[in-house]
Protein chains: 2
Amino acid sequence: MPNSPRLPLPRVEAELSATPLNERPLTADEAERTAKAFHVLAHPIRLQLLSTIASFEEGQPCVCAISDVGVSGPTVSHHLKKLKEAGLLSSERRGTWVYYRFEPAVLAAMGRLLIKAASE
Amino acid sequence: MPNSPRLPLPRVEAELSATPLNERPLTADEAERTAKAFHVLAHPIRLQLLSTIASFEEGQPCVCAISDVGVSGPTVSHHLKKLKEAGLLSSERRGTWVYYRFEPAVLAAMGRLLIKAASE
């Protein structure tokens, strides 16, 4: 029997607690997973990279076009990796360069969690 | 002329960039302020305290009723202070105890920012 392809697991989306913060106290485990999701947005370089990619007008930006945030190449790569691991970006290699795409689903799920928690 | 009372400035709400992440690259300063806002939610103890207070059914909980998150009293106080500074909680002293109230406006503003950024 051939091996079935290994599908990537949904990441931050699955890790976010589905329970609004105003429904009941979060368990330690739920709080840990939700904090991890927000931790990805709690970094200025990651927000600059994410907004550069999300607002890019001519298709997907190449990594060569998004490194102008005043930090070294390896630092840019490190933060792009974190954003990808969190499911906020996807990437594709074409020849020499890697191209990035903004994936809005996780950000929308995080936003809904806060809005739900803020409404009675 | 009498001194006019000094009103507290809105905090995280004012510090959040009003620009959705998919509109244009954030400036370093905007990214710094937005990251700071999300940093408040990027901590499991703060999320446990916030959810305990936000879901409390009998009015405002006393600090004596919300310290059961497995950390020391001073650590609880430290995180309650961070949540207050961010505008996510308010507090009131009555006699010996301090009582806390969940303030949903900042959380709602953060949620709207993410939802707006995730929609085209």
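Look a little higher up for the structure.
What comes next is a walk through the structure. (Residues numbered from 1 in each chain as written. Chains lettered and ligands numbered in written order. Predicted model: local features only at pLDDT ≥ 70, side-chain atom pairs only at ≥ 80, totals over all residues. Heavy atoms only, no water.)

1. Some thoughts on the overall build of chain A
So, step 1. Each helix and strand counted, chain A has five helices and two strands in total.
So, step 2. Helices (α) and strands (β) of chain A occur, in sequence order from the N terminus, as α-α-α-α-β-β-α.
So, step 3. In chain A, which comprises 120 residues, the share counted as buried stands at 47%.
So, step 4. A separation of at least 24 residues holds for 57% of the contacts in chain A among residues at least 6 apart in sequence.
So, step 5. Carbon and sulfur atoms form 53% of the exposed surface of chain A, whose accessible area is close to 6,700 Å². (Helix = DSSP H or I, 4+ residues; strand = E, 2+ residues; numbered from the N terminus. Buried < 20%, exposed > 50% of the residue type's maximum accessible area, 1.4 Å probe, protein only. Contact = heavy atoms within 4.5 Å. Areas by Shrake-Rupley, 256 points an atom, 1.4 Å probe, with all protein chains shown as cover.)

2. Looking at the environment of Gly87 of chain B
Residues and elements named next belong to chain B.
So, step 1. Looking at the secondary structure, you find Gly87 in the loop between α4 (73-85) and β1 (89-94).
So, step 2. Residue classification places Gly87 among the buried residues on the basis of a relative accessible area of 12%.
So, step 3. Along the chain, Gly87 and Ala37 lie 50 residues apart, while their C-alpha atoms are 10.0 Å from each other.

3. Topic: the relation of the copies chain A and chain B
So, step 1. Of the transformation superimposing chain A on chain B, the axial component is 0.0 Å and the angular component is 180 degrees, with the fit at an RMSD of 0.0 Å. These values place the two chain copies in the arrangement generated by a two-fold rotation axis. Among all residues of chain A, the one whose C-alpha sits closest to the rotation axis is Gly111 of chain A, at a distance of 2.0 Å.
So, step 2. An overlap of 100% is found between the interface residues of chain A and their copies at the interface of chain B, pointing to a shared contact surface. (Least-squares fit on C-alpha atoms with pLDDT ≥ 70 in both.)

4. Things to note about the packing of aromatic side chains
So, step 1. For the coordinates displayed, the defined rule picks out one aromatic pair over all chains.
So, step 2. Between Phe38 of chain A and Phe38 of chain B the ring centres are 6.2 Å apart and the planes differ by 5 degrees, which places this aromatic pair in the stacked class. With Phe38 of chain A in helix α2 (residues 28-41) and Phe38 of chain B in helix α2 (residues 28-41), this pair bridges two chains.
So, step 3. Of the residues examined, Phe38 of chain B reaches a relative accessible area of 1% and is grouped as buried.
So, step 4. The ring centre of Tyr99 of chain A lies 4.2 Å from the NZ or CZ of Arg94 of chain A, which sits over that ring. (Phe/Tyr/Trp six-rings, centres within 6.5 Å; stacked < 30°, edge-to-face > 60°. Lys NZ or Arg CZ within 6 Å of the ring centre and 35° of its normal.)

5. As for the packing of α2 of chain A against helix α5 (residues 104-118) of chain A
All names here are of chain A.
So, step 1. At a minimum axis separation of 12 Å, α2 and α5 run at an interaxial angle of 115 degrees. Taken as a pair, α2 and α5 cross one another with a handedness that is left-handed. Across the interface between the two elements, Thr34, Ala37, Phe38 and Leu41 of α2 pack against Leu107, Met110, Leu113 and Leu114 of α5.
So, step 2. For the contact of α2 with α5, a count of residues per class yields seven nonpolar, one polar and no charged. (Axes fitted to C-alpha atoms, helices over the stretch in contact; angles between N-to-C directions. Left-handed = near helix turned anticlockwise from the far one by under 90°. Nonpolar A, V, L, I, M, F, W, Y, C, P; charged D, E, K, R; others polar.)

6. Some thoughts on the pairing of strand β2 (residues 97-102) of chain B
So, step 1. Where β1 of chain B meets β2 of chain B, six bridges bridge the pair, whose relative direction is antiparallel. Bridge pairing links Glu92 of chain B to Tyr99 of chain B in β2 of chain B. (Pairing = 2+ DSSP bridges.)

7. Comments concerning the pattern of salt bridges
All names here are of chain A.
So, step 1. One pass over the structure, following the stated rule, counts eight salt bridges over all chains.
So, step 2. Across the pair Glu85 and Lys81 runs a salt bridge whose closest N-O atoms are separated by 3.9 Å. You can see Glu85 and its partner Lys81 sitting in helix α4 (residues 73-85), four residues apart, about one turn around the helix.
So, step 3. Classification of Glu85 by relative accessible area gives partly exposed; the value is 42%. (Salt bridge = Lys/Arg side-chain N within 4 Å of Asp/Glu carboxyl O.)

8. What to know about the side chain of Glu30 of chain A
All names here are of chain A.
So, step 1. Inspection of the secondary structure puts Glu30 in helix α2.
So, step 2. Under the relative-accessibility criterion, Glu30 is labelled buried at 10%.
So, step 3. A polar side-chain atom of Glu30 sits 2.7 Å from a polar atom in the side chain of Arg24. (Polar contact = N/O pair within 3.5 Å; in protein donor to acceptor, adjacent residues only side chain to side chain.)

9. Quick look at helix α3 (residues 44-54) of chain A
So, step 1. Burial runs high along α3 of chain A: eleven of the eleven residues are buried.
So, step 2. Within the span of α3 of chain A, buried status applies to Pro44, Ile45, Arg46, Leu47, Gln48, Leu49, Leu50, Ser51, Thr52, Ile53 and Ala54 of chain A.
So, step 3. The inward-facing, buried residues of α3 of chain A abut α2, α4, β1 (89-94) and β2 (97-102) of chain A together with α2 of chain B.

10. Considerations on the interface of chain A and chain B
So, step 1. Each partner contributes residues to the interface: chain A has 36 residues there, and chain B has 36 residues.
So, step 2. Roughly 2,800 Å² is buried in total at the junction of chain A and chain B, and carbon and sulfur atoms are behind 76% of that figure.
So, step 3. Where chain A touches chain B, the interface holds zero salt bridges.
So, step 4. Summed over the shared surface of chain A and chain B, the number is four residue pairs in polar contact (both at pLDDT 80 or more).
So, step 5. Sorting the residues of the side of chain A that touches chain B by element identifies α2, α3 and α5 of chain A as the ones contributing at least two each.
So, step 6. Sorting elements by how many residues they give to the side of chain A that touches chain B places α5 of chain A first, with ten residues.
So, step 7. Here the residues of the side of chain A that touches chain B sort into 22 nonpolar, ten polar and four charged. (Buried area = accessible area lost by both parts, 1.4 Å probe.)

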